[in-house]
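# Architecture and fold: a report
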Amino acid sequence: MERMKRTVTCGELGIASIGSKVILNGWVHRSRDHGGIQFINLRDRYGITQVVVDEHASDQLKAKAELLRFEYCIAVEGTVRARPDSMINTDMPTGKIEVSAERIEILSTCEVLPFMIDEASDAREDIRLKYRFLDLRTPWMQKKVALRHNVTRAVREFFSDQDFYEIETPTLIRSTPEGARDMLVPARINPGKFYALPQSPQLFKQILMVSGLDKYFQIARCYRDEDARGDRQLEFTQIDLEMSFISRDDILDVIEGMTCQVFEKTMGCVLPRPFKRFSYREAMETYGTDKPDVRFELRLSDLTETAGKSGFRAFSSVVEAGGSVKALRVPKCAHYSRKMVEDLEGAAKIYGAKGLAWMKVTGEGLDGGVAKFFTDLKDEIISTLEAGPEDLILMVADEWTTACTALGAVRNKLGTDLGLIDDKEFTFCWVIDFPLFEWNKEEEKWDPMHHMFSMPQERFIETMEENPGEVIGDLYDFVCNGYELGSGSIRIHIPDIQKKIFRIIGFSEEEAMRRFGFLLNSFKYGAPPHGGIALGLDRLVMIMAGEKTIREVIPFPKNTAGVSPMEDSPSTVEDEQLRELHLKLDLPEEG
Ligand code: ASP
């Protein structure tokens, strides 16, 4: 028998189609018997259509309908008719019609389901990942797949319209760790040698600038062999970009333009421009993080000077040692119980704070907690914090970074606890002027804050070796709703400046040549000034979809242990495969 090829999808029939003969192909979403009448909800990517096998249908058709189970893949031929008034479903785009079946073909059957397609989101994540093919059948997963497609399409359209070229860079490259561990691939035809999967297209996109290609972008897969931690994936996707003959603001403008266009085209959402900009220092001082969630207004203040004058040794000793005292005024929260403050303290301690001091503002001054140490300083504190009665004041004293980040974590928790965050809002900002280096306490050396190809700001170039900690780089981070969406920088294109950076981070010239020689070499041949950025596509789509983990917007992610339960990877391989690669396993003893 000739296969019943669909003439329409399950999402398109309405009253205009009444009377027409159609063939639908799809999955049995629901099937129920109402006193001899069989109702089948047939589903495909485009929607759900109700199919009816009437009482007066042939015995053969009725028998076929009775065989149908959840998720059978079937074809139905029938005639579109209006639903009786009592059966109209205004929630369904096809809710005014139904298809009276004349012929049903079972294209394939389906075993007992591990979860109902409707209820997949309640299933355990590992079950969802093992049966991802079923999970992806759910309308909400299909919506996210569509969103992701629409985002990448809008990105491509935007950049193409702006004269960028989309250029593929290799995924089998020389091992050149950029900060994380490289994923290695043994090279069979070059025994003993390995390729690495790129952590990002960084070196290649810079080389493309040396090649004069001027404006590059790529939706690039990146690989980092990191321990399972937070919401990370071993492979993820970046919207990667590099431009020549530009300044920082050109990059910021392009990304703002792209983001606005993507939101408008995919969600009809007009974002206000320009996006706010904060220096790294300002972001840390005011929000206690370099990825501030500016959807809500709570701001940190500095009480170092005042606290230094107090008789509270826990604070004044920190100030004497060069540390900081940061304070957060929480309006109208003086009713907070000790237990609630302890909960907040928990958040501060995760970021290294030794404690969270508190006091309350009353009509007369300060009260409770550490207030007794600040009696003489109460006016100064109240005016610095612009505090009023019924406010709660929270404080952390520590070395500057810890004091800021610990209180920043408390701020974020309060944002959620106090319901200050509008989940439907997307608020973007830039954090600029990062330090170029950060001190690695364990190894007692300077590390690059972003990567070692980032340019110091002009005014630091001559003297940067004298005090690396003070050097500000031309680095920028793109932030949305408290998530870091991307980082980038203006790059070094002058070999002498690059050499200075290598000296500061303790990289010998030989080692630099061995690892990145191909890039450094290219810079000897007329490298243009250039810069770029990369945004995390997974994160962007996650935020747009209102999800909390990137696994929800990656069609086939690994679980938090780096395993894909569907195809059961990673897996062992045949001895023969190892032999061909000249590899022998030397595994740790089990147990
Ligand atoms: N390659 C960098 C990264 O992956 C981004 C950039 O500097 O363009 O973080």
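For the structure itself, consult the block above.
Report on the accompanying structure. Just so it is clear, the structure is predicted and the values come from calculations on it, not from any experiment. (Residues numbered from 1 in each chain as written. Predicted model: local features only at pLDDT ≥ 70, side-chain atom pairs only at ≥ 80, totals over all residues. Heavy atoms only, no water.)

### Quick word on the overall build of the protein
Which entries qualify depends on this criterion: Per the convention used, a helix needs a DSSP run of H or I reaching at least four residues, while a strand needs a run of E reaching at least two, with both numbered from the N terminus. A simple rule labels every residue: compare its accessible area, found with a 1.4 Å probe on the protein chains alone, to the largest value its type can have, and call it buried under 20%, exposed over 50%, or partly exposed in between. Throughout, a residue-residue contact means that at least one pair of heavy atoms, one from each residue, lies within 4.5 Å. A 1.4 Å probe and the Shrake-Rupley method give the accessible areas. Residues count as covered only by the protein chains that appear here.
A tally of helices and strands in the protein yields 16 helices and 22 strands. Referenced to the eigenvectors of the C-alpha coordinate spread, the extents of the protein come out at roughly 95 × 75 × 60 Å. By the burial criterion, 50% of the 591 residues in the protein qualify as buried. Considering only contacts in the protein between residues 6 or more positions apart, those separated by 24 or more positions represent 67%. Accessible surface computed for the protein: about 29800 Å², of which carbon and sulfur atoms make up 50%.

### Description of helix 7 (residues 280–287)
Burial analysis of helix 7 places six of its eight residues in the buried class, which makes it a mostly covered element. Every buried residue of helix 7 is listed here: Y280, A283, M284, E285, T286 and Y287. Where helix 7 is buried, its residues contact strand 11 (276–279), strand 12 (300–302), strand 13 (324–330), helix 12 (400–417) and strand 17 (428–432). Immediately downstream of helix 7, the backbone of G288 shows phi near 70°, a positive value.

### Some words on the environment of P435
Among the structural elements, P435 can be located in the loop between strand 17 and strand 18 (437–440). Since its relative accessible area comes to 16%, P435 is described here as buried. As a C-alpha pair, P435 and D474 span 39 residues in sequence and 8.7 Å in three-dimensional space. Excluding anything up to four places from it in sequence, P435 contacts Y280, M449, V471, I472, G473 and L475.

### Details of unusual backbone geometry
Trans is the prevailing form of peptide bonds, just as negative phi is the prevailing case for residues other than glycine. Following R273, the chain continues into P274 via a peptide bond in cis, with omega recorded as -5°. With respect to the helices, strands and loops of the structure, P274 is situated in the loop between helix 6 (248–267) and strand 11. Cis geometry is found at the peptide bond from S569 to P570, where omega equals 0°. Positionally, P570 belongs in the loop between helix 15 (537–545) and helix 16 (575–580).

### Some points on the sheet that holds strand 12
Going by this rule: Two strands make a pair as long as DSSP finds a minimum of two bridges between them. Helix axes are fitted only over the stretch in contact, all axes being lines through C-alpha atoms; the angle between N-to-C directions runs from 0 to 180 degrees.
Sheet architecture is open: five strands sit in the order 12-13-16-14-15, paired in antiparallel fashion. Each end of this open sheet is capped by a strand with a single partner; those strands are strand 12 and strand 15 (366–367). In this sheet, strand 13 lies alongside strand 12 in antiparallel orientation, the contact comprising three bridges. The partner of D302 across the bridge, within strand 13, is K326. The strands touched by helix 12 are strand 12, strand 13 and strand 16 (392–398); relative to strand 13, the strand with the most contacts, the crossing angle is about 15°.

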